[in-house]
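Chain residues, written in single-letter form:
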Amino acid sequence: MKRILAAALLAATAFGAAAAGPKPFDAQSMAAIRKAEEGRAFIVAFWSVSCEPCRNEMKLLRAAQRSHPALRVHLVAVDPVADAPAIAAFLKRYDPGPAVRWAFADSFAERVRYAVDPAWRGELPRTYLFDRRHIPEVVSGILTQARLEGWIRRR
Amino acid sequence: MRRLAAALALALAAGTAGSHEEHGKGQRMREGADERNASATVDAAGNLWAVVKDAGHIAVHRSADAGRTWSAPKRVTSAPEATDSGGDARPKIAAGPGGEVYVTWTRPLGRPYAGEIRFARSVDGGASFGAPMVVHADRQLITHRFDALAVNAKGQVFVAWIDKRDQEAQRGKGPAYRGAAVYWAVSDDRGASFRGDFKLADYSCECCRIALLPRADGGFDALWRHVFEPNLRDHAMAAMLPEGRAGALSRATFDDWRIDVCPHHGPSLTADASGRRHAVWFSGAAKNPGVFYGRLAENRVEGQRRIGGQTAEHADLAAAGNRLAVAWKEFDGARSRLRALRSDDAGASWQERELAVTSGASGQPAVLVRGGQFLVFWNTRNEPLSVTPLP
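As the structure is a computational prediction, the values presented were derived from the model and not from experiment.

Undergrad: What should I look at first to understand the overall build of chain A in this one?
TA: For chain A, the count of helices and strands is six helices and six strands. Helices and strands appear in chain A in the N-to-C order α-β-α-β-α-β-α-β-α-β-β-α. A total of 155 residues make up chain A; the buried ones form 44% of that total. Looking at chain A alone, contacts between residues at least 24 apart form 75% of all its contacts between residues at least 6 apart.

As structure tokens, this is what we get:
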């Protein structure tokens with residue numbers, strides 16, 4: 001019985017995660033992620049279902065997480081949470097691995113972007129590689145394997 | 001034990017209800033405040049027309065008093081439908097010389113990046129709209145997005161868009177195709193039918209709006225973000241001629257932005273009384289990123305100057321004789337500001353001023369000309385369909 005319950009609980013957790021879809025990302029979320037990742041290196045990658053270059057980054061992040069299981073990746077769709085079905089379909093097709101998935105939850109997108117980085121003009125993909133001291137390396141456009149691997153070595 | 005199981009079931013049910021509610025909230029957001037990207041135009045009689053997303057529908061408003069008051073929304077679609085609305089995407093509107101009102105928008109299809117350009121028309125001054133149709137003959141489930149719409153003096157309707165049929169055709173055959181292509185179609189019968197699809201150019205950027213400027217020959221000059229070899233995302237210009245022929249492509253801006261990215265910042269284009277072309281555009285080139293104004297000359301830009309500060313975006317411009325007006329929005333950390341530049345000497349000197357401020361979501365501003373006066377249209381969540389005269 002206990003085992004069945006444990007299995008049910010596990011299933012419930014998995015179901016809950018799937019039903020919830022991407023986590024809502026707003027003007028406070030970047031600070032919350034940095035706090036949660038204190039003392040650790042991590043990546044925050046912004047993308048959209050309408051961004052063609054973004055799909056290249058998915059493969060790269062998947063491979064990096066596979067070869068570095070401790071690597072923490074937050075994947076933020078700038079598409080609204082309402083686009084969860086399209087976001088899920090994209091991520092199923094261009095699997096980014098076990099990254100934490102977010103989506104924009106504030107229609108005032110300028111406010112969210114500004115909280116991430118006032119210098120970000122909205123172009124995608126846009127990737128922030130934070131080292132252990134949380135000093136970011138900012139990448140506009142496709143993140144190359146060489147650049148990612150260089151950062152992984154240094155982080 | 002049973003109680004625990006019951007509690008679990010309850011938790012599951014609550015989880016489902018919670019996520020359902022969240023989805024519902026999201027839908028409202030998508031249909032309401034989230035889709036502020038609207039467009040506006042002025043007809044020959046001086047009426048303003050705006051196209052917006054209204055409760056999931058494409059809808060049109062008319063104003064007879066320069067935007068002080070607007071009619072109730074007239075729905076163009078018979079049922080709500082998904083519309084590309086993020087970044088540089090928005091529905092478009094244009095007026096014909098015989099009281100026609102034309103509307104285009106992009107409907108995303110069920111595959112990443114896939115979409116179709118939809119078109120609807122009114123031939124009775126906006127009283128009623130016909131059923132929407134797809135503009136392009138190509139019906140593959142691929143990218144046809146970022147529609148641009150314009151009507152020439154003879155009433156011919158031009159629609160241009162970003163199209164990936166050539167990229168798809170080249171898939172798996174040799175080197176990857178750079179970006180997408182620009183295609184267009186023309187209607188000679190007030191939008192009853194279109195002839196096309198005509199290719200304007202290979203290798204456009206994938207996700208920026210296209211600017212159109214009328215030519216003396218009835219065609220339009222198009223200005224768009226291009227992908228010059230190998231990945232240089234500056235702008236290119238070429239003519240769409242009425243018979244369906246494309247003019248020669250020329251490079252229009254020279255910022256050397258080498259990147260593989262979706263900027264979601266397309267250009268705007270206008271011409272002064274002497275036919276000189278003036279443009280605004282965005283470049284993210286690391287040495288000098290920003291929004292810029294400049295006059296497009298042969299193989300160079302004259303008088304290039306930065307517009308606004310670090311967060312300036314989505315500039316638009318228009319000309320009335322030798323007077324020019326540029327408008328853009330800028331976020332100050334709490335609010336978005338609508339700012340404008342005005343020149344009375346065809347761009348030689350400029351005065352800057354602030355026109356409006358909003359504390360919520362907003363669409364892209366548009367500069368309109370009505371009876372020689374500049375009006376700036378800005379659809380914000382808190383001040384829908386706002387129109388500010390530029391003194």
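Undergrad: How do you make sense of unusual backbone geometry when you look at a structure like this?
TA: Leaving glycine aside, a negative phi is the common case for residues, and trans is the common case for peptide bonds. Note that the residue after Leu124 of chain A, namely Pro125 of chain A, is joined by a cis bond; omega there is -5°. Looking at the secondary structure, you find Pro125 of chain A in the loop between helix H5 (109-116) and strand E5 (126-130). Of note, the bond from Glu229 of chain B into Pro230 of chain B is cis; its omega dihedral lies within 30 degrees of zero at -10°. By secondary structure assignment, the location of Pro230 of chain B is in the loop between strand E14 (220-225) and strand E15 (235-240). The phi torsion at Tyr113 of chain B lies on the positive side, around 75°, for a residue other than glycine. Mapping Tyr113 of chain B onto the fold places it in the loop between strand E6 (101-108) and strand E7 (115-122). Taking the number of C-beta atoms within 10 Å as the measure of exposure, Tyr113 of chain B has 21 and is therefore buried. Of note in the backbone geometry, Ala346 of chain B takes a positive phi value of approximately 55° without being a glycine. Summarising the element assignment, Ala346 of chain B is placed in the loop between strand E23 (336-343) and strand E24 (351-358).

So, how was this worked out
Residues numbered from 1 in each chain as written. Chains lettered and ligands numbered in written order. Predicted model: local features only at pLDDT ≥ 70, side-chain atom pairs only at ≥ 80, totals over all residues. Helix = DSSP H or I, 4+ residues; strand = E, 2+ residues; numbered from the N terminus. Buried ≥ 20, exposed ≤ 12 C-beta atoms within 10 Å, placed from the backbone. Contact = placed C-beta atoms within 7 Å.

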